[in-house]
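Read off the chains here:
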Amino acid sequence: MKRIGIPRGLYYYKYYPFAKIFLTELGAEVVLSPETNKEILDIGSKYCIDDACLPVKVYHGHVYFLKDKVDYVLIPRFTSISAKEYICPKFGGLPEMVRYSIPMNSPIIDIEINLYKNKFNLYKSLFSLGNMLGANPIQIKKAINKAFKTHYVYKKDLLNGNLPAVLIENKKPVKIKTKSIVGIVSHPYLLYDSFINMNLLKKLSGRCIKYITPEMIDSQIIDNLCNELEKRIFWSSSKELIGSALYMMNINRIEGILLLTSFACGIDSLSLELIIRIANKIYNKPIMMLTLDEHTGEANFNTRLEAFMDLVERRQNLDNNLSPYGRGIYCSERNIR
Amino acid sequence: MIITYPHMGEAYIAVKGIFDNLGIKSIIAPFTTEDTLRLGSRESPECVCLPFKITLGNYIKSIEAGADTIVITGSCGPCRFGYYGPLQKQILQDMGYDVDFIIIDPPKENPLDFLHNIKKLSNGKTSKAIKSIYDAYKVCIEIDKLNEIQYYVRPRTKNKSIINNIMYNFKREVLDAHGTKEIIEVIKATGNKLLSIPIDKNTKPLKIGIIGEIYTIIEPFSNLNVEERLGNMGAEIHRSMTIKHWAENNLIMPATGRKGYKMEKRLSNPYIPVLIGGHTQQCIGHAINYANLNYDGLVQIYPMTCMPEIVSRTILSQIEKDYNIPILYLIVDEQVGEAGYQTRLEAFVDYLRERKYNHKLSEKF
Ligand code: SF4
Ligand code: SF4
């Protein structure tokens, strides 16, 4: 039985269930690197090129952990995950970045995921991977179908507000008494890696703040909102963020928006700027950007986060105080503010 | 409609030629200076790549000089450049400038839009516009020749300031020239002036190839005049990408049914088999090509946070070993200090010289 390592970073949060089912169906054993920790981050920063972004460095750390423990490491080349869109050049060059930075004995499986033109390329890649594992075409086809099914269920569960940690890692969902709701705009590998984001989600829950993430918003809604922009956005990663932010700005019960980004992220430098510029014009609730890098001090991060939560809460209290008088007597909510 | 466009090395010469030929009024942005960068970066997102900040500064200066329409080429991914236009437009509008952007996306994205834009720009004289573009391409060919003369002469002459004088005057003369024909004459005349400078034919200068992100290797302001600096240190340089090279591979070849960047793709294939955005394949391809041509060293230049060149750089570390060629990595952004930059270049050139000398010694014995 072949042991295949999957690094717990980047699009692990999007595609792990798919990959796991596909590989185990074909008789491979999947080995996952542990949750991100200090050691993984340090090793990653040591081996990865200095000016890369934090998530890519962390990814290097996960690969380092797996190397030599498994027969192969799965590092797909994500060129494109939806038609006519790319992701980020670093996703396209990920196998190279790792290969030339970390000396390793386990070979890399670097099949290309490229849906830019059509689905054909994806099938081709999956078949070549299946072949390598010694499966026949019928088995491979079956595994693909099953993997897709799992993937759709996973996506649906995310859409319904479940977190990857609950779905993949069987962690217990936190039940909280919700006082207010905020939106978080970020890439999944920042948002769901509690080490990288210094337990952001837990901290929000601790203050009874519920959150909506891009994964909880229907992709059709995101598409529609982005279509209203002047130029089509040709990165899926950026489109998700911009579309989610536009959605969150339009939903009344969302009391504020957090933009969570990594220092040196090329994609975010443009998309978050666009979001902030739009927000400056049409949005009058709290919006704050939190930047992460390997030197971010937790104290500093907490101060900013707390300031944001205070703002959100204060607004909430204000609304609660005023609304009994406001509704019905004065016609619109806007008048009260 | 008063048109302007961003600076990128000598591109203004060719673009000016197009608009001259078409009889369209255009403003050339004042040459890029510290002030341009300051203006641009004040309004830019902090982590955006350097070309964004500089070109934004160019626009602000042009608008203040009276321009109201900005023309740029676009692209649809995968790099940030493709989204420069829309965001810069937003920023300029937020600053209170009323400008129009004409973003010419490559014909393959939307052929009708492409033709429409060309038509809009040329007042309906589409075929004349296409002819002008071709004439401008010829200007680019001449510019490359001129640069190559400069690369040849600079390390071989004692009197570097003569070259600077000639090139300084060239900038003035070329702005006075009208239309591609006159421009080409000025370029040729300048080339002859450079060739008349006395040189020492026996010097065997170091050969250094310049690779990296296209804007920062072409625009001298952004790379702190790296070509001139290296030339003055006695190295004969070659720049892997030029405006001509870009036009040839992105316009001329596709228009005549050929594929661009054949050599680069072939050579880079073992290291990076697909297009990931930016010019990674070109960077790697040229690095290998220079190594095969026995260059003594390479300099990779890219803006801080440049995604594709960060990937290139990791691969280059392997090329260094596989082809036994030293590479200097220069990351540019607005904080680059001139003194440190010069020191690094000097140290690199010294190292290459010593290395070459040792090689020769070991060959002798
Ligand atoms: S999208 Fe940003 S954070 Fe993600 S890999 Fe690319 S540069 Fe890094
Ligand atoms: S290639 Fe580099 S400098 Fe150019 S747009 Fe992309 S990230 Fe910016």
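Structure's up top.
Here goes a summary of the coordinates provided. No experiment lies behind these values; they were computed from the predicted model shown.

This part is about the overall build of chain A. Counting secondary structure elements, chain A contains 15 helices and 10 strands. Taking 20 Å as the expected radius of gyration for a compact globule of 337 residues, we find that chain A reaches 21 Å, a close match to that expectation. Considering chain A as a whole, with its 337 residues, one finds that 56% of them fall into the buried category. In chain A, the share of contacts with a sequence separation of at least 24, taken over all contacts with a separation of at least 6, comes to 74%. For chain A, the distance from the average site of its 45 positive side-chain charges to the average site of its 33 negative ones is 5 Å.

Turning to the site of ligand 1, a few remarks are in order. Residues and elements named next belong to chain A. The local shell around ligand 1 consists of Cys-53, Pro-55, Val-56, Cys-88, Lys-90, Phe-91, Tyr-189, Cys-265, Gly-266 and Ile-267. Of all the cavities here, the one that holds ligand 1 is the largest cavity. Looking at the shell around ligand 1, its residues break down into 8 nonpolar, 1 polar and 1 charged. Counting only domains with at least three residues in the shell around ligand 1, you end up with domain 1 (3-159) and domain 2 (174-317).

Turning to empty space enclosed by the protein, a few remarks are in order. Residues and elements named next belong to chain A. Throughout the structure, instances matching the rule amount to 5 cavities of 30 Å³ or more. Approximately 130 Å³ is the volume attributed to the largest cavity. Contributing to the lining of the largest cavity are 17 residues, with Cys-53, Pro-55, Cys-88, Tyr-189 and Cys-265 lying nearest its centre. Only helix H3 (54-66), helix H4 (89-92), helix H9 (188-191) and helix H13 (266-282) provide two or more residues apiece to the lining of the largest cavity. For the lining of the largest cavity, the leading source of residues is H13, giving 3 residues. The residue inventory of the lining of the largest cavity, partitioned by class, reads 11 nonpolar, 4 polar and 2 charged. Residues from two domains meet in the lining of the largest cavity; each of domain 1 (3-159) and domain 2 (174-317) gives at least three.

For the rest of this paragraph, the subject is the sheet that holds strand S2 (residues 29-32) of chain A. All names here are of chain A. Judged by pairing direction, the sheet is parallel, and its 4 strands sit side by side in the order S2-S1-S3-S5 without closing on themselves. Where the open sheet ends on each side, the last strands, each with one partner, are S2 and strand S5 (108-109). The pairing of strand S1 (residues 3-6) with strand S3 (residues 72-74) spans 2 bridges and is parallel. If you follow Ile-4 over to S3, its bridge partner there is Tyr-72. The sheet strands contacting helix H1 (residues 12-25) are S1, S2 and S3, and the helix crosses S2 at an angle near 155°.

Cut-offs used in this document
Residues numbered from 1 in each chain as written. Chains lettered and ligands numbered in written order. Predicted model: local features only at pLDDT ≥ 70, side-chain atom pairs only at ≥ 80, totals over all residues. Heavy atoms only, no water. Helix = DSSP H or I, 4+ residues; strand = E, 2+ residues; numbered from the N terminus. Rg over C-alpha atoms; globule rule 2.2 N^0.38 Å. Buried < 20%, exposed > 50% of the residue type's maximum accessible area, 1.4 Å probe, protein only. Contact = heavy atoms within 4.5 Å. Lys, Arg positive; Asp, Glu negative; His and termini not counted. Charge placed at Lys NZ, Arg CZ, Asp CG, Glu CD. Near = heavy atom within 4 Å. 1 Å grid on protein atoms, 1.4 Å probe; cavity = no way out; pocket = protein on both sides within 12 Å on 5 of 7 lines; lining within 4 Å. Sits in = over half its atoms within 2 Å of the grid points. Nonpolar A, V, L, I, M, F, W, Y, C, P; charged D, E, K, R; others polar. Domains from an automatic or database assignment. Points joined across faces, edges and corners; volume = space filled by probe spheres on them. Pairing = 2+ DSSP bridges. Axes fitted to C-alpha atoms, helices over the stretch in contact; angles between N-to-C directions.

Just distances and angles here, no functional claims.
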